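Listed below are the residues making up each chain.
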Amino acid sequence: MTAPLTAGDPLLPPSPEGKPHRAGKPAPRRRSIVGRLIGALFGLLTLVLIVGAIAGYAAYMRFSADLPDVEGLRNYQPPVMSRVYAGDARPIAELATERRIFVPYAAIPDMVKHAFVSAEDQNFWIHRGVDPVAIVRAGLTDLAQYGQGRRPVGASTITQQVAKNMLLDNQVSLARKAKEAILAIRIEGALSKERILELYLNEIYLGLQSYGVAAAGQAYFNKSLDQLTIAEAAFLAALPKAPNNLNPFRYPDAARARRDYVLDRMAEDHAITPAQATAAKAEPIAPSLFRRPEPVPGADWFAEEVRRRLIERFGPETTTQGGLMVRTSLDPALQETAERAVHDGLIAYDRRMGGWRGPVAHLDAVTGPRADWTGALGQATRPTGMPASWKLAVVLDSGDGDAKLGWLDRAPGSQVLEPRQGTLLLSDTGWARAPHDGKPSGPAPRKLGDVVHVGDVVMVEPAPVAVTPAAKGRAAMAARADRVLLRQIPLVQGALVSLDPTTGRVLAMVGGWSFDASQFNRATQASRQPGSSFKPFVYLTALEQGISPSQRFLDAPLVIDNGAGQRWRPNNYEMDFSGPTPLRIALEKSLNLVTIRVADLVGMEAVAQTAIAFHEVDNMPRVLPAAIGAVDTTVLREAGAYAGLAAGGREVIPSFIDSVQDRDGHVVWRAGPGECETCADPATAPQLQDTREQIADPQSDFQLVTMMQGVMQRGTGAAVGAGLNRALAGKTGTTQDFTDAWFAGFTPDLVTVVWVGFDAPNSLGNNQTGAAVAGPIWHDFMAVALKSRPSLQFQAPSGVTLAPWNTGSGQSIDAFKPDQVPGASAPLGARPATAVSTDGAPETARPPASGGVDSGMGGLY
C-alpha cells in the first residue's frame, strides 16, 4: 500500500488539468483573456508614462535651458511713440516704429478687458498660464482639419501670447509652442494677472499700424477707450485673430461676424447681458479713420531736424520708442508765413527767368458728346512736390481768347470728387514764354493756343476772388470766381531760417520747395558760398582793431599775384571805383575792392577767427578771396552768426528744442540761455543772468550794426527794407556768376536769412543778385512777422557816442569809441607785407602772405 500524503508533502494530487498543487495552497481561479489584456495595457501605460515623463523632463531641460528671463517683465515698458509739439502746443510730428499709446491697467475700461478675455482666453483668471481644456479642444480640431492646408488652431492663453509677443518670435513650430508654455507658467508665477493683462492690451497688434487697444481705438473709431461702445470694444477684441482680414474698411461682413461671435462669448461669460449682446449686434460697424490735427504747413523740415537732434542726444531707440514729449521753438504762424514767402519768391523768379516748360501730361479725346475727361483726369498722377492748393486740370477749350479748363475737387466736408470748370485768362499768362537754353525768350504769348492745347493736363490754382462794386469789364472778369491761374513747379530752390537772437530759438525754417519732393534740407545740409553776406565779419574784425567807421580805404583796381604766375583781378559789382571811401560807405555799397584791402590790413587769420567764433564757418582758408565770401556755410549757420551780431557780440547757438520729457513726465533735457538764481524765491523778481560767451567787443559790434542799418537805409538792401518802418540791419550776398543769392537781416528781436539757388550750382541769370532774388522773400516774411512785434531800437553799449558826420555823399550817423573822432580818417601807416597793387601793373603786384588765391571765387554784391 501506498502511504497517505501528509500536509507536509511537497505535492498534492494533480489537479484536473493534470498540474500539481503546492502543498497548503488552494487551487487558483481561472484567468480570463480580458484580465490579461488589462494587465498588459496597464503595464504598457505605466511604461509610457515613465518614458513620457523622462522625455518631458528632457524636453523641458532642453527648451528651458536658454529661455529669456521673465523677471524683466515686472518693469517692462512697451515701446511708445514720441510726440513733437510746436511752441503753441500743436502737434507737428509723431516719431515711432510702432504706433502705441500706453494705458495703465487701472485706466482701461472694464468692458474692454472683458471683451478681450472672452474672445481670447475665457479661463484667463483661473488657469496658471496654460489651459489644458483649450489644448485638448484645439488638438481635436487640428486632427479633424489635418491635410486641409489650414493653419493649426491655437490654444494659446493670453499669458502665452504675452510670452510669444514679448519674449519669443512668431515661428510656427512645436518647439516654439513648448517654449511658450514654459514661459507662460513662469510669467504666471512672477506677475499678477492684472499686470499680464496690462502688458497684453498694450502690446498686441490690432491692424492699421496700431499697437495696443488705445491706438486701435483711435485708428478705427477716432475715440479714446472710455468712449467706446460695447459693440466697438467687442470689435477690437475680435482683431487679434487676424487684424488684416477683419479690416472693416475692406471686409465689413467678416468683421461683423467675428464681432458678433465675441459678443456671444461675452454674454456667455456674463460680462454683458443677452439683451446687451442683442442690441450691440444690431449696431453696424461704423469705422471712422483717426484724423490727426492738420499739420503746420512746411513743418516737415523742422520736425525732421528735431528728429535728427533727438537721435544725436538720446539715440534712435529712445527717440522712436521712449514715449518722449518734445516741446519745440516752432512758431506755426511764422512757419506758415515762411512757407508762403519762399513759395511766392521762387514762383516769381521762375516766371521771370524760367519760362513755360509745358504741360504735365496730355489726354486724348477730352471733348465731344461721349468724352469722359473726369475718368481720364482721375487717373492722372499728381507731380511730386505739387502744393495741396493746386489742382490738376485738363484744357477743354483753347484758342485765341481765354481757355476753359476742368478739374476734380471735393466739396467741403465731402470725400467725393466732383467735376469743376474754370477759365484761364490770356492776361494771366504773360509770363509763359517758351524757354531757350533754360531761359525765357521771345515776346509774351498773343493767344492761349500758344501756351496750352486741348487735352493738356496742367497745374492750376484758383485765383483769389476780390470783387468790388466798381469792377467793370476785364477787371470784373479777372475777379470772377471761376478764374484759375496757370502754375508750374519751379526748378530753383530756396531756404529760410528765422530765429530769436536773444535765445537762439529757431521760430521758422524752410528747407526747399517741397519736403515731399526732396527731404534734403537746404537750410541745414547745403553748404554754399555766402558771397558778400560774409563781409560784416571782415568789417567787425577791423572795428575791433580800432578802425573807425569813417576811416577811408582806397577803392581802386588791384591785382594779386600768387607767386606762381597766376593773377587775380577782383572787381566791384558796378565795375566802377570811388577812390578813398569810408568804411561805412564801403559796406553800404558792398565794395569788393575796399573789403579786400580791409582784410589785407587786419589779416586773414584775424578775420577767420572772428568768423569761426560766430560759427559762420567751422574753418576757412586764410586767403583774400575768402574775405568776399569764398567760404562754405549754411543758412542756419549764417542765421546763428547774424544773431550773434544782433545780440551785442554774444555767442548764439540756434536751438530747435525747448524741453524733453520722458514717458513719466520728468524733464530730461531743457534748453536755456541763462540761469535764474532768484526764480525760486517768490518774494524776489526773477533776474536772468546771460551766461552766453562774449565773442566780440560790444562797442565794435554796435558800430557794425549801425553801419549795417545804413545798408538797409541807403545801400544794397534799401529796396528790401522799404516800407517795413523798423530798425533794420542787414546785408546782401551774391556769389560769382550769380550762382547763390542771399539776404540776411535782423531787428533787435528777430533774425532772418534767405538763400536762393539751384541744387546743382548754376547761374541764376545776369543781375540776379541777393537783393533781387532773396530780398523779396525776406521782405514778405518780415512784413508779416513784424506786425505782431513791438518796434524796438538797437541799444548802444556804454562807452560809444552816436554822432553825425559828412561821408562825402551825405550826412550819416555812426557810433564812435572814446578815442575816435567822427569823420576822421587816420593814416594807416606803411603797407603791410600782404599789400596789393593799386594800379594793376604786373610789376608791382605782390603775393599775399596769407596764401594763394582762387580767381573764380568770391562775392559780387
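Residues numbered from 1 in each chain as written. Predicted model: local features only at pLDDT ≥ 70, side-chain atom pairs only at ≥ 80, totals over all residues. Heavy atoms only, no water.

A. Just the overall build of the protein, in detail. The helix and strand tally for the protein stands at 24 helices and 28 strands. For the protein, with 861 residues in total, the buried portion stands at 48%. When the accessible surface of the protein is summed, it comes to about 40,800 Å², and 54% of that surface belongs to carbon and sulfur atoms. (Helix = DSSP H or I, 4+ residues; strand = E, 2+ residues; numbered from the N terminus. Buried < 20%, exposed > 50% of the residue type's maximum accessible area, 1.4 Å probe, protein only. Areas by Shrake-Rupley, 256 points an atom, 1.4 Å probe, with all protein chains shown as cover.)

B. Highlighting the packing of aromatic side chains. Summed over the entire model, instances satisfying the criterion amount to 17 aromatic pairs. When the ring of Tyr205 is compared with that of Tyr211, the centres are 4.9 Å apart and the planes differ by 50 degrees; the resulting orientation is tilted. Using a relative accessible area of 21% as the deciding quantity, one classes Tyr211 as partly exposed. Residues Phe534 and Phe537 carry aromatic rings whose centres are separated by 6.0 Å and whose planes lie at 50 degrees to one another, so their mutual orientation is tilted. There is no split in this pair, since Phe534 and Phe537 are both buried. Chaining the aromatic ring pairs together yields one cluster made of Phe534, Phe537, Phe614, Tyr642, Phe746 and Phe794. When the ring centre of Tyr105 is taken as reference, the NZ or CZ atom of Lys113 above it lies at 3.6 Å. Sitting over the face of the ring of Phe124, Lys193 holds its NZ or CZ atom 4.5 Å from the ring centroid. (Phe/Tyr/Trp six-rings, centres within 6.5 Å; stacked < 30°, edge-to-face > 60°. Lys NZ or Arg CZ within 6 Å of the ring centre and 35° of its normal.)

C. Region of interest: the packing of helix α2 (residues 110-120) against helix α6 (residues 193-203). Here α2 crosses α6 at 90 degrees, and the two axes come no closer than 11 Å. Here α6 runs roughly perpendicular to α2, going by the angle between their axes. The residues of α6 that touch α2, namely those facing Lys113, Phe116, Val117 and Glu120, are Leu197, Tyr200 and Leu201. (Axes fitted to C-alpha atoms, helices over the stretch in contact; angles between N-to-C directions. Parallel < 35°, antiparallel > 145°, perpendicular 65-115°, else oblique. Contact = heavy atoms within 4.5 Å.)

D. Quick peek at the environment of Glu605. As for its placement among the helices and strands, Glu605 is situated in helix α19 (residues 604-613). Taking the relative accessible area as the measure of exposure, Glu605 reaches 42% and is therefore partly exposed.

E. Here's a closer look at empty space enclosed by the protein. Applying the stated criterion across every chain yields a total of 2 cavities of 30 Å³ or more. By volume, the largest cavity amounts to about 40 Å³. Taken together, Ile347, Asp350, Arg351, Trp431, Leu486, Arg487 and Gln488 make up the full set of residues lining the largest cavity. Secondary-structure elements contributing two or more residues to the lining of the largest cavity are α13 (332-354) and β13 (483-487). Residue composition of the lining of the largest cavity, grouped by class: 3 nonpolar, 1 polar and 3 charged. Quantified by volume, the second largest cavity comes out at close to 30 Å³. Every residue along the wall of the second largest cavity is listed here: Arg726, Ala727, Thr747, Pro748, Asp749, Pro790 and Leu792. Residues of the lining of the second largest cavity, tallied by class, amount to 4 nonpolar, 1 polar and 2 charged. (1 Å grid on protein atoms, 1.4 Å probe; cavity = no way out; pocket = protein on both sides within 12 Å on 5 of 7 lines; lining within 4 Å. Points joined across faces, edges and corners; volume = space filled by probe spheres on them. Nonpolar A, V, L, I, M, F, W, Y, C, P; charged D, E, K, R; others polar.)

F. The side chain of Asp740, seen in detail. Its place among the elements puts Asp740 in strand β25 (residues 740-747). Engagement of the side chain of Asp740 in a polar contact is seen with the side chain of Arg528, the distance being 2.8 Å. When residues no more than four places from it in sequence are discounted, the contact partners of Asp740 are Arg528, Gln529, Gly733, Thr734, Thr735, Trp755, Val756 and Leu764. (Polar contact = N/O pair within 3.5 Å; in protein donor to acceptor, adjacent residues only side chain to side chain.)

G. Molecular detail of the packing of α13 against helix α24 (residues 775-785). Closest axis-to-axis distance for the α13/α24 pair is 8 Å, and the angle between their directions is 155 degrees. With respect to each other, α13 and α24 are oriented roughly antiparallel. Like other packed secondary-structure pairs, α13 and α24 cross with a definite hand, here right-handed. Residue-level inspection shows Leu334, Thr337, Ala338, Ala341, Val342, Gly345 and Leu346 of α13 in contact with α24, the latter providing Ile777, Asp780, Phe781, Val784 and Ala785. Along the lines of polarity and charge, the residues of the contact of α13 with α24 split into 9 nonpolar, 2 polar and 1 charged. (Left-handed = near helix turned anticlockwise from the far one by under 90°.)

H. Spatial organisation of unusual backbone geometry. Even without being a glycine, Ala89 presents a positive backbone phi close to 75 degrees. The topology assignment puts Ala89 in the loop between β1 (82-85) and β2 (91-95). A positive phi angle, near 65 degrees, is found at His270, a position not held by glycine. Residue His270 is classed as exposed on the basis of its relative accessible area of 72%.

I. Representation of the sheet that holds strand β26 (residues 750-757) in the model. Reading across from one edge, β15-β14-β26-β25-β24 is the order of the 5 strands in this open sheet, with antiparallel pairing throughout. A strand with exactly one partner marks an edge of an open sheet, and here the two such strands are β15 (506-510) and β24 (729-734). Neighbour-to-neighbour, the strand axes of the sheet open up by a mean angle of 5 degrees, direction not taken into account. Pairing between strand β14 (residues 493-499) and β26: 7 bridges, direction antiparallel. Counterpart to Ser498 in the pairing with β26 is Thr752. In the packing of α24 onto the sheet, contacts are made with β14, β25 and β26, and the angle to β26 comes to roughly 150 degrees. (Pairing = 2+ DSSP bridges.)

Purely spatial values, then, with no claim about function.
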